[in-house]
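Coordinate analysis (summary)
The residues making up each chain are set out below.
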Amino acid sequence: MKKITCNSSVPVVANYDVVVCGGGPAGFIAAIAAARCGARTALVERYGFLGGMATAGIVAPLSVFTYNGEKVIGGIPWEFCERLQQMGGGLIEKPLGNVAFEPELYKLCCQRMVLEAGVTLHLHSSLSGVRTSSDGRIEAIIINNKNGTEAIEAKVYIDCTGDGDLAYMAGVPMQPDEGKPLQPLSSYFVLGGVDTSTPRMQAAIHHNRQGVNCQCEEIRAELLAHKEEWGIPEFGGPWFCTTLQPGVVTVNMTRTAGNAVDNADLTRAECELREQVFLMARVLSDHFPEFKHSYVSAVAVQAGVRETRRIKGAHTITAQEYVSAFHYPDSVSRGAHPIDIHVAKGASQNITFLKTPAYVPYRALYSPGFGNLLVAGRCISADKTAFASLRVQASCMGTGQAAGVAAALAAAGSRSVSDVDIASLTARLRKIGAVLGGAQPPEPQPLAQSARAENDAGKINI
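Rules used throughout
Residues numbered from 1 in each chain as written. Predicted model: local features only at pLDDT ≥ 70, side-chain atom pairs only at ≥ 80, totals over all residues. Heavy atoms only, no water. Helix = DSSP H or I, 4+ residues; strand = E, 2+ residues; numbered from the N terminus. Rg over C-alpha atoms; globule rule 2.2 N^0.38 Å. Buried < 20%, exposed > 50% of the residue type's maximum accessible area, 1.4 Å probe, protein only. Areas by Shrake-Rupley, 256 points an atom, 1.4 Å probe, with all protein chains shown as cover. Core = buried A, V, L, I, M, F, W, Y, C linked by side-chain atoms within 4.5 Å. Contact = heavy atoms within 4.5 Å. Axes fitted to C-alpha atoms, helices over the stretch in contact; angles between N-to-C directions. Parallel < 35°, antiparallel > 145°, perpendicular 65-115°, else oblique. Left-handed = near helix turned anticlockwise from the far one by under 90°. 1 Å grid on protein atoms, 1.4 Å probe; cavity = no way out; pocket = protein on both sides within 12 Å on 5 of 7 lines; lining within 4 Å. Points joined across faces, edges and corners; volume = space filled by probe spheres on them. Nonpolar A, V, L, I, M, F, W, Y, C, P; charged D, E, K, R; others polar. Pairing = 2+ DSSP bridges. Salt bridge = Lys/Arg side-chain N within 4 Å of Asp/Glu carboxyl O. Phe/Tyr/Trp six-rings, centres within 6.5 Å; stacked < 30°, edge-to-face > 60°.

What follows deals with the overall build of the protein. Looking only at helices and strands, the protein has 11 helices and 20 strands in total. Relative to a compact globule of 462 residues, whose C-alpha radius of gyration would be 23 Å, the protein shows 22 Å and is just as compact. With the principal axes as the frame, the protein shows a C-alpha extent of 60 × 60 × 45 Å. A total of 462 residues make up the protein; the buried ones form 60% of that total. Carbon and sulfur atoms make up 51% of the accessible area of the protein, which totals about 18200 Å².

Membership of the largest hydrophobic core comes to 108 residues, with the highest contact counts inside it found for Phe28, Phe80 and Ile141. With 12 residues, the single largest contributor to this core is helix H10 (residues 393-413). Those residues in contact with Phe80, other than ones at most four positions away along the chain, are Phe28, Leu62, Tyr106, Cys109, Cys110, Met113 and Met397.

On to the packing of helix H1 (residues 25-36) against helix H3 (residues 103-116), then. Pairs of packed helices are described in terms of their axes, by the angle between the two and the distance that separates them. The interhelical angle for the contact between H1 and H3, taken along N-to-C directions, is 20 degrees, at an axis separation of 9 Å. Between H1 and H3, the crossing angle belongs to the class labelled roughly parallel. Note on packing geometry: the crossing formed by H1 with H3 is left-handed. Seen from H1, the contacting residues are Pro25, Phe28, Ile32 and Arg36; seen from H3, they are Tyr106, Cys110, Met113 and Val114.

Turning to empty space enclosed by the protein, a few remarks are in order. A complete count under the given rule lists one cavity of 30 Å³ or more for this structure. There is about 50 Å³ of room inside the largest cavity. Along the walls of the largest cavity sit Val72, Ile73, Gly74, Val332, Ser333, Arg334, Gly398, Gln401, Ala434, Val435 and Leu436, which together make up its complete lining. Within the residue set of the lining of the largest cavity, elements represented by two or more residues are strand E15 (331-335) and H10. Sorting elements by how many residues they give to the lining of the largest cavity places E15 first, with three residues. Here the lining of the largest cavity is built from residues that sort into six nonpolar, four polar and one charged.

Now for the environment of Asn7. The residue Asn7 is located in the segment before strand E1 (9-21) in this model. Among the residues examined, Asn7 registers a relative accessible area of 69% and is labelled exposed.

A word on the sheet that holds strand E13 (residues 249-252). Pairing is antiparallel across the open sheet formed by four strands, whose spatial order is E12-E13-E11-E14. Bordering the open sheet on either side are strand E12 (239-242) and strand E14 (295-299), each of which pairs with just one other strand. Going from strand to strand, the sheet's axes swing by 30 degrees on average, the running direction of each strand aside. Bridging between strand E11 (residues 189-192) and E14 involves four bridges; their strand directions are antiparallel. What sits directly across from Phe189, in E14, is Val299.

A few words on the side chain of Thr243. Turning to its location among the elements, Thr243 is positioned in the loop between E12 and E13. Contacts of Thr243, omitting those with residues within four sequence positions, involve Phe101, Glu102, Val248, Val249 and Thr250.

Across all of its chains, the model carries 17 salt bridges by this definition. By sharing partners, the salt bridges in this structure join Glu178, Glu307, Arg310 and Lys384 into a single network.

Our next topic: the packing of aromatic side chains. Across all of its chains, the model carries 10 aromatic pairs by this definition. Seen from their ring centres, Phe65 and Trp78 are 5.6 Å apart, and the 55 degrees between their planes marks the pair as tilted. Remark: Trp78 occurs in helix H2 (residues 76-86) and Phe65 occurs in the loop between strand E2 (41-44) and strand E3 (66-67); sequence separation between them is 13 residues. Like Trp78, Phe65 is buried. A ring pair is formed by Phe240 and Phe291, whose centres lie 5.3 Å apart and whose planes are at 40 degrees; its orientation type is tilted. Taken together, the positions of Phe240 in strand E12 and Phe291 in the loop between helix H7 (263-287) and E14 put the pair 51 residues apart, joining distant regions of the chain. Grouping residues by exposure puts Phe240 and Phe291 together as buried. Three or more aromatic residues joined by ring pairs make a cluster, and in this case those are Phe28, Phe80, Phe101 and Tyr106.

Below, the structure written as structure tokens:
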């Protein structure tokens, strides 16, 4: 491959205690958590709004917050759900605590909570590079926006990009593919004009049954029976979810195999999925009475990504540990969603429901040798089976909360992320409402205010 060399001087526009890359479910929670712990925090997001897969991808509902009648993900994530519901933009469905939502109010609720916490936002800013030292520490990240190319420095960075972009650029080793294909991509879409009053649709748009796959079985059976006759491509579900607006539902049924961290393949997938959206919408309208007068009112800004990169962390969560609900000494979050593996080709889905909510160790959020980098969300260290449960939004929020608190502790103590005191971390997480299991430790001591480094007006060479 032909290469060219680009030498440029990039202005350092800001310096923070903690910088979070990616404003999705893991990222905006991580930023709030770090800022509330006293860290001067920034959040870098490529879109002009927050929410990630929930808002850009219209992936609904948020799941799973409660299991076996007990809360699994608490603290700031649950506060967000309650505030969203109070705004009229969320519906917390019992007993699973799955949360249906209206995407635009979700964006607003994220924004309010992040700004209230004192986080500085860098929206419309794409991560394009990283500067590292010889000992593996990140010295600065490089972003591109309307100002051009800029650099931001921090004591600690958190990768919440979903695809592990920052970790990958920094040279963090990634999990092997285990000889299995990636789970497929799907583009959610929104249909208006749907008759949601029928018993079939009422059952389908509310995801409140534990131990049940909430796909619409009656419509699925018809689609499979007439797949060739109606010209239906490979599909999943279908899953429908209320947006809290009359006659409006989100639809999850498109799918294509693809690698979302290969731009050519992602481009192909986006084009293919957009075609599928309108084909599937027509099939629903032509053959199912509830959709007779329906129309496409929105298509996700980007394809929904189930699986890409995952770091090789200090510990990799295994399937055996996950399904047995092994409690680690450094447990910092939990997961209760089924192990949900969508096949790359075909309409099938392998799903295993947990007996007991699982645990996530802090060691899955960092990789040895990268002293000021944490990850949260889809790119944490887990094998493909455990990951198939942890990839969902409630779990991502839980790991984001843990990473945010840990980053603030590391920044305040000027220490490596691997040297964060676990007792202090878990005590602080419990104090803000995280559900970690195990014995209750003593009350945490007040966290010393992080040093507020001023903006070093300067430049770095890349």
